[in-house]
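Given next are the chains, with one letter for each unit.
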Amino acid sequence: MNTENIQHLLAMALYMAAVVVIGVIFARRANKDAESYFLGGRSLGPWVTAFSAEASDMSGYLLMGLPGLAYWTGLADAGWTCIGLALGTYLNFLIVSKRLRRYSVAVNAFTVPDFFSHRFHEKKKVLMMVSSLTIIVFFSVYAAQCLSTCGKLFANLFGLSYEGMMIVAAVFVLLYTFLGGFLAESASDFMQAVVMVSVLVLILILSVGEAGGFAAAMANAKEYDGFFSLFATATPSTAEVNTFGEGKAYGVLSIASCLAWGLGYFGMPQVLLRFMGIRSEKELRLSRRVAIVWVVISMAAAVLIGIVARSVTGLDYLSNSDAENVFIDAATRFLPPVLAGFACAGVLAAAISSSDSYLLISASAVSQNIYRGILKKNATEKQVMWCTRITLTVITLIAMVIAWNSNSTIFGITAFAWAGFGAAFGPLMLFSLFWKRITYPAAIAGMISGGAMVFFWRGVIKPLGGIWGIYELLPAFIFSSLVIVAVSLCTKQTDASIDAEFERVKVGQA
């Protein structure tokens, strides 16, 4: 390890020390009881709600996956995906946040499985079990993506083993999540959201300068067939840098497939929990405005970093996986070692802010919803907390196994987990909040069908290519919605109090 590496490491260590301090500060409040640990006592302010929702959502794919995708295939894939995500962010805050905050208080729910179970007054806890298992499956994949980000970061920065660095990252995230719970995680996410958007804008400005100016970079990008277009995609060579084949048309189905990313927000537990945890529903309007500004700036900067990098000598890659290092390489190339270390801490911030969310929500699904909700209803707070920590350890180990292959792309891992939550939880969340006619059997059928269709489409239908090659979230979301409507119309609501509760929440009396 040379002098520059030591300076990188010291800068990142200072950053991580600040994260740990936040965890220590909030540890006493977080460990008071399960509600404080998992939902922070519903005490989040509007700025923390907005920043922590986006930081926990925009994981390593924001600083590594998106720039890498834009560098590799050009503007279309990354651009339409970002447009979909921006629309999804805005609509989720506009449509879902207030009603979910109000409904979660009415039914005394502080996890997503809690909400679904209490919304339908279920006695046998089938919905709670299915939703908890869904969280465990897809968040294990999501956490793997975050660990992969950390592994690639340290392996690239210090020339160390990807696997070894991934293990170090896993241990740190696990210990930090043990420490402070939801409140500490949300507070640190606020800080990390600021770091993420700041370093993205900084690296973009420096990259533009190195490329000879914005106009020169854009002119160069337009020379590659299909690279700088929203209606075509580039076909880069894997043998020679900046060599492209003939661009391919980017049709309506491809655009719809990318825009479908926005649908995922309606089912993202890490974002939905922020809506449930804000101290007042009146503050959600400010949160929405802050969140959408943050999302637009950060994603635009991420995509442009990848586009501009094609004009920067030395930022040369021959695969999408390698191209995901473009942000790290630009930081170490353009900045003094200490500042580069802080910039790379932005990648670490993205990974940690997401992985601690995923681990915490997965742990709550087991300890709060399965252990206390089904297996041992009289469990003490201490027993729930111990179950939480054991679950955190097991899920971290599973995530490490999934992330062990260093050649997998961060964006690809993210896409699968995003589709899983979007299809399993998204339609059900919308119908639960806004359609009184939905029934309990329909809720179970909709959740299972949405999650199952993601696996089926990705594994069986999508490989057929052509019109079947669309992102699995779109057909799975539609299928789940149709199942919910069909089953609801074929079954009856058996508890009149559910409808009465729905009406009270609707008019704001709950």
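Refer to the structure above for everything that follows.
Residues numbered from 1 in each chain as written. Predicted model: local features only at pLDDT ≥ 70, side-chain atom pairs only at ≥ 80, totals over all residues. Heavy atoms only, no water.

### Observations concerning the overall build of the protein
Consideration 1: A tally of regular secondary structure across the protein gives 20 helices and two strands.
Consideration 2: When each of the 510 residues of the protein is scored for burial, the buried share is 62%.
Consideration 3: Of the contacts formed within the protein by residues at least 6 apart in sequence, a portion of 82% connects residues at least 24 apart.
Consideration 4: Of the roughly 18,300 Å² that the protein leaves accessible, carbon and sulfur atoms contribute 67%. (Helix = DSSP H or I, 4+ residues; strand = E, 2+ residues; numbered from the N terminus. Buried < 20%, exposed > 50% of the residue type's maximum accessible area, 1.4 Å probe, protein only. Contact = heavy atoms within 4.5 Å. Areas by Shrake-Rupley, 256 points an atom, 1.4 Å probe, with all protein chains shown as cover.)

### Some details on the packing of aromatic side chains
Consideration 1: Under the defined criterion, the tally for this structure stands at 22 aromatic pairs.
Consideration 2: Residues Phe416 and Phe455 carry aromatic rings whose centres are separated by 5.2 Å and whose planes lie at 80 degrees to one another, so their mutual orientation is edge-to-face. Here Phe416 is found in helix α17 (residues 410–434), whereas its partner Phe455 is found in helix α18 (residues 440–461), with 39 residues between them in sequence.
Consideration 3: We classify Phe416 as buried; its relative accessible area is 13%.
Consideration 4: One aromatic cluster is present, built from ring pairs that chain together Tyr103, Phe115, Phe116, Phe138, Phe416, Phe421, Phe425, Phe455 and Phe502.
Consideration 5: For Arg119, the ring lying beneath its charged end belongs to Phe120, and the centroid distance is 4.7 Å. (Phe/Tyr/Trp six-rings, centres within 6.5 Å; stacked < 30°, edge-to-face > 60°. Lys NZ or Arg CZ within 6 Å of the ring centre and 35° of its normal.)

### Re the pattern of salt bridges
If charged atoms from side chains of opposite charge come close, those side chains can pair.
Consideration 1: As enumerated under the stated definition, the model contains five salt bridges in all.
Consideration 2: A salt bridge links Arg102 to Glu281, with the shortest nitrogen-to-oxygen separation between them at 2.9 Å. Of this pair, Arg102 sits in helix α5 (residues 75–106) while Glu281 sits in the loop between α11 (269–277) and α12 (284–309); the two residues are 179 residues apart in sequence, bridging distant segments of the chain.
Consideration 3: Overall, the relative accessible area of 21% leaves Glu281 in the partly exposed class.
Consideration 4: One salt bridge in this structure joins Glu472 and Lys462, with 3.0 Å as the shortest N-O distance. Pair noted here: Glu472 is in the loop between α18 and α19 (473–490) and Lys462 is in the loop between α18 and α19, with a separation of ten residues, a long-range link.
Consideration 5: A relative accessible area of 0% places Glu472 in the buried class.
Consideration 6: By relative accessible area, which is 26% here, Lys462 ends up partly exposed.
Consideration 7: A cluster of three or more residues bridged by salt bridges with shared partners is formed by Arg458, Lys462 and Glu472. (Salt bridge = Lys/Arg side-chain N within 4 Å of Asp/Glu carboxyl O.)

### Describing the side chain of Thr49
Consideration 1: Relative to the helices and strands, Thr49 resides in helix α3 (residues 46–57).
Consideration 2: For Thr49, a relative accessible area of 0% puts it in the buried group.
Consideration 3: Ignoring sequence-local partners within four residues, the contact set of Thr49 consists of Leu44, Arg274, Ile278 and Ser287.

### Focus: helix α10 (residues 252–259)
Consideration 1: Along α10, the residues classified as buried are Ile255, Ser257 and Cys258. For α10, the angular spread of the buried residues around the axis is 160 degrees, confining them to a single face.
Consideration 2: As for α10, its buried residues are in contact with α5. (Arc of directions from axis to C-beta.)

### Examining unusual backbone geometry
Consideration 1: Positioned with a positive phi, His121 is a non-glycine residue whose angle comes to about 50 degrees.
Consideration 2: The topology assignment puts His121 in the loop between α6 (112–119) and α7 (126–158).
Consideration 3: Looking at His121, the relative accessible area reads 26%, which means it is partly exposed.
Consideration 4: The phi dihedral of Asn242 is positive, around 55 degrees, even though this residue is not glycine.

### A look at the nonpolar core
Consideration 1: Core analysis: the biggest nonpolar cluster contains 141 residues, and Leu62 and Trp418 have the highest contact counts within it.
Consideration 2: When neighbours within four sequence positions are excluded, Leu62 is seen to be in contact with Pro67, Met196, Leu200, Trp294, Ser298, Met299 and Ala302.
Consideration 3: By size, the runner-up hydrophobic cluster in this structure holds 15 residues, among which are Ala143, Met166, Met400 and Ala403. (Core = buried A, V, L, I, M, F, W, Y, C linked by side-chain atoms within 4.5 Å.)

### Side note on α3
Consideration 1: With twelve residues, α3 extends 17 Å between its outermost C-alpha atoms, agreeing within 8% with the 16 Å of an ideal straight helix rising 1.5 Å per residue.
Consideration 2: Counting buried positions along α3 gives ten out of twelve residues, so the element sits mostly inside the fold.
Consideration 3: Restricting attention to buried positions, one finds in α3 the residues Pro46, Thr49, Ala50, Phe51, Ser52, Ala53, Glu54, Ala55, Ser56 and Asp57. (Expected span 1.5 Å × (residues − 1).)

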